[in-house]
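Close look at the chain arrangement
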Amino acid sequence: MTTTSVMTVSLPRVSARVRILLWLLVVMAVALGAVAVTVRSILQRDVDHRTSQLLTQETGEFANFVPQGVDPDTGGRFDDPDRLLRVYLQRQYADPDEELLGLTGPPGAEPAVIRQRRDLPGHTALWQDGAALTRIHASERSFGTLQRPQGELRWAKVAIGPAGGGRPGAFVVAFHPERERAVADKTFWTLLSLSGVALLMTTGIGWAVAGRILAPVRLVRTTAAELTEQDLTRRIPVAGRDDIAALAETFNGMLDRLERAFAAQRVFVDDAGHELRTPITIVRGHLELMGDDPADREETVRLVTDELDRMSRIVEDLLLLAGAERPDFVRPEPVQVAELTADVFVKVRTLGDRDWVLDGVADLEVRLDPQRMTQAMVQLAQNAVQHTVPGQRIRIGSRAEDGRVELYVADHGPGIPAEDAEVIFERFRRGTSRRGARTSGAGLGLAIVKAIAEGHHGRVELRRTEGGGATFVLILETDS
């Protein structure tokens, strides 16, 4: 059996700064290139348009001259094409790239050339190219283009019929567009050169600007890389009000939440370890000291079982509090508050020999989780039982006011000192002083009540009971 090993190649990571700059340069290069090409195309089209206009104008003027022209020597009409062409050419002034020629002779043979006394700068004149003149003179077309080694030639002609047995002739206008096309090409390359300079400048400016804009992002990356579970105190300085600043603020907020979560986790783990260490120590100590006496063994088993039950309750409460972070911790549904209050009252009456009173009920419907709310109310009632004596009154009730509903448990025990009111809802915190007989609780009951209230987007408050005692109130918004 053969095994095939696959080699993975890790490509080098390209930074966001480089990617932004590359995209910017690509877009600018395409845009500037498109502008240069468009300008060149427009200039070339303008050259073609002006050439066509010039050829049309020159041939039109000559065509008008033929029937209307007067021979200065005779004072009458021209009867000789040769004389007609010479007189007309003497009176015309051609453009620098234009040739005005007269051709005489039969088509198909090399014609005789009548031309103006001027040379074309930078061009090989048409009158020196006998083959080209023969082709133009023999052509049946009035307009055309010749591709010569010397360059492109645009031409137009007006044929002149023989008069009095003379030779036929033709008036030819020839235009050499290379120089003007060269101007268009020069403009094109100038634009490309300027575009190159612009791209170089853009590269420098874009690199600096992208670096400045992305500096907070790099700082976020650096800060995230330097964060450890032991050090979550680093923060990113925020400057400005743009999206990058918002990112830095969001990251700082995340760090705040992480720091609080890790701090709470450390405290929670320390407290849980402390609370579980005590019953474990008790169980180990009794087991190590357990003798052979049956009564002693029975008492040891009872104590060990009691401590194990307490550990089991602590673990169950811890699991419940851990589940409070889940979105499905509470499952709200429409509930009649009066019916819920009455059911809680019936259930808690079996918790202890107390003077239980159904103080009042709120007659309205609210969306809440009836099981979780019952659990919280029973926990508060159990707490009241633990801190009162038989016969003392405990009131259970609910009321609606100011767009909210309150469910409460009020006792007439010793109450809670002000210094303890701030910590009793924290996990494993029972306050600096106990308000009744010693209990076996781990300090998680009120933390569970708080978690249930917050799961309903509400809160739990501690108030003083009129006449002495403590009142715990679950406050929920009626639209929650």
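Residues numbered from 1 in each chain as written. Predicted model: local features only at pLDDT ≥ 70, side-chain atom pairs only at ≥ 80, totals over all residues. Heavy atoms only, no water.

Which entries qualify depends on this criterion: UniProt positions are given in the numbering used here, feature names are shortened, and annotations may be inferred rather than shown by experiment.
The name given to the protein in an unreviewed UniProt entry is histidine kinase, with the source organism recorded as Streptomyces microflavus. Checking UniProt for the protein, the heading Catalytic activity (unreviewed entry) contains the comment "ATP + protein L-histidine = ADP + protein N-phospho-L-histidine." The Subcellular location (unreviewed entry) field of the UniProt record for the protein holds the comment "Cell membrane".

With respect to the pattern of salt bridges
We apply this condition: In the sections that follow, a salt bridge refers to a side-chain nitrogen of Lys or Arg positioned within 4 Å of a carboxyl oxygen of Asp or Glu. Helix numbering and strand numbering both begin at the N terminus, where a helix is a DSSP run of H or I of at least 4 residues and a strand a DSSP run of E of at least 2. Residue burial is assigned from relative accessible area. The probe radius is 1.4 Å, only protein chains are included, and a residue is buried under 20% of its type maximum, exposed over 50%, and partly exposed in between.
Overall, the coordinates contain 19 salt bridges when judged by the stated rule. Where Arg154 meets Asp48, a salt bridge forms, and the shortest distance between an N and an O atom there is 3.9 Å. Linking Arg154 in strand β4 (residues 151-160) with Asp48 in helix α1 (residues 16-68), this pair joins segments that are 106 residues apart in sequence. Judged by relative accessible area, which is 28%, Asp48 ranks as partly exposed. A salt bridge links Arg181 to Glu152; the shortest N-O distance between them is 3.6 Å. Of the two residues, Arg181 is situated in helix α4 (residues 178-226) and Glu152 in strand β4; the sequence distance between them amounts to 29 residues. Across the pair, exposure class does not vary: Arg181 and Glu152 are buried alike.

Some thoughts on the UniProt feature "transmembrane region" (unreviewed entry) in the protein
Those residues carrying the UniProt feature "transmembrane region" (unreviewed entry) are residues 20-43 and 188-210 in this numbering. Split by type, residues 20-43 is 100% helix and 0% strand. Its first and last C-alpha atoms lie 34 Å apart. This span, residues 188-210, is 100% helix and 0% strand, and a straight line between its end C-alpha atoms measures 31 Å.

Description of the sheet that holds β4
The following threshold applies: Whether two strands pair depends on DSSP finding at least two bridges between them. Throughout, an axis means a line fitted to C-alpha atoms (over the contacting stretch in the case of helices), and angles, computed between N-to-C directions, take values from 0 to 180 degrees. Contacts: residue pairs with any heavy atoms within 4.5 Å of one another.
Spatially, β2-β1-β5-β4-β3 is the arrangement adopted by the 5 strands of the open sheet, whose pairing is antiparallel. The sheet terminates laterally at β2 (112-115) and β3 (143-148), the two strands that pair on one side only. Between one strand axis and the next, the sheet turns through 30° on average, direction left out of account. With 7 bridges connecting them, β4 and strand β5 (residues 169-175) associate as antiparallel partners. Across the sheet, the residue bridging to Trp155 is Ala174, located in β5. The strands touched by helix α2 (residues 81-90) within the sheet are β1 (98-104), β2, β4 and β5, with β1 carrying the most contacts at an inclination of about 165°. On top of the sheet, helix α3 (residues 130-138) reaches β1, β2, β3, β4 and β5; it is set at about 45° to β4, its chief contact.

A closer look at the sheet that holds strand β12 (residues 470-477)
Picture the strands of a sheet paired through backbone hydrogen bonds; they go either parallel or antiparallel. The sheet built from 5 strands is open, its strands ordered β7-β9-β10-β12-β11 with mixed pairing. Both edges of this open sheet fall to β7 (355-360) and β11 (459-464), since each of them pairs with a single strand only. Geometrically, the sheet is characterised by an average inter-axis angle of 15° between neighbouring strands, direction not taken into account. As paired elements, strand β10 (residues 404-411) and β12 share 7 bridges and run antiparallel to each other.

Some words on the nonpolar core
A general tendency of soluble globular proteins is for nonpolar side chains to be buried together. Cut-off, in case you're wondering: Residue types Ala, Val, Leu, Ile, Met, Phe, Trp, Tyr and Cys, when buried and joined through side-chain atoms within 4.5 Å, form a set referred to as a nonpolar core.
Residues Trp356, Ile396, Val405, Leu407, Phe472 and Leu474 are the most contacted members of the largest nonpolar core, which totals 45 residues. Elements with a contribution of two residues or more to this core: α6 (294-323), α7 (337-348), β8 (365-368), α8 (370-386), β9 (393-401), β10, α10 (445-455) and β12. Look past the residues within four positions of Trp356 in its chain and what remains in contact with it is Phe345, Val348, Arg349, Leu351, Ala381, Val385, Ile394 and Ile396. With 19 residues, the next largest nonpolar core counts Phe78, Leu84, Val173 and Phe175 among its residues.

So, the packing of α1 against α2
In plain terms, the rule: Orientation labels follow simple angle bins: below 35 degrees gives roughly parallel, above 145 gives roughly antiparallel, 65 to 115 gives roughly perpendicular, and whatever is left gives oblique. The sense of a crossing depends on the near helix, which, turned anticlockwise from the far helix by less than a right angle, makes the crossing left-handed and, turned clockwise, makes it right-handed. In the scheme used here, Gly and all other residues not listed as nonpolar or charged are polar, with Ala, Val, Leu, Ile, Met, Phe, Trp, Tyr, Cys and Pro taken as nonpolar and Asp, Glu, Lys and Arg as charged.
As a packed pair, α1 and α2 sit with axes 11 Å apart at the nearest point and diverge in direction by 125°. In terms of orientation, α1 lies oblique with respect to α2. Here the hand of the crossing between α1 and α2 comes out right-handed. Residues Glu58, Glu61, Phe62, Phe65 and Val66 of α1 pack against Leu84, Leu85 and Tyr88 of α2. Among the residues making up the contact of α1 with α2, the classes are represented as 6 nonpolar, no polar and 2 charged.

As for the pairing of β12
β12 sits mainly inside the fold: 7 of its 8 residues count as buried. Of the pairings in the sheet, the one linking β11 to β12 comprises 6 bridges and is antiparallel in character. The residue of β12 that forms the bridge with Arg464 is Ala470. Connecting β11 to the antiparallel partner β12 that follows it, the hairpin turn spans 5 residues, and Gly467 within it adopts a positive phi of roughly 95°.

As for the packing of α7 against α8
Where α7 contacts α8, the axes come no closer than 10 Å and their chain directions differ by 45°. Classified by the interaxial angle, the pair formed by α7 and α8 is oblique. Taken as a pair, α7 and α8 cross one another with a handedness that is right-handed. Taking contact as the criterion, the partners of Leu340, Val344, Lys347 and Val348 in α7 are, on α8, Pro370, Met373, Thr374, Met377, Val378 and Ala381.

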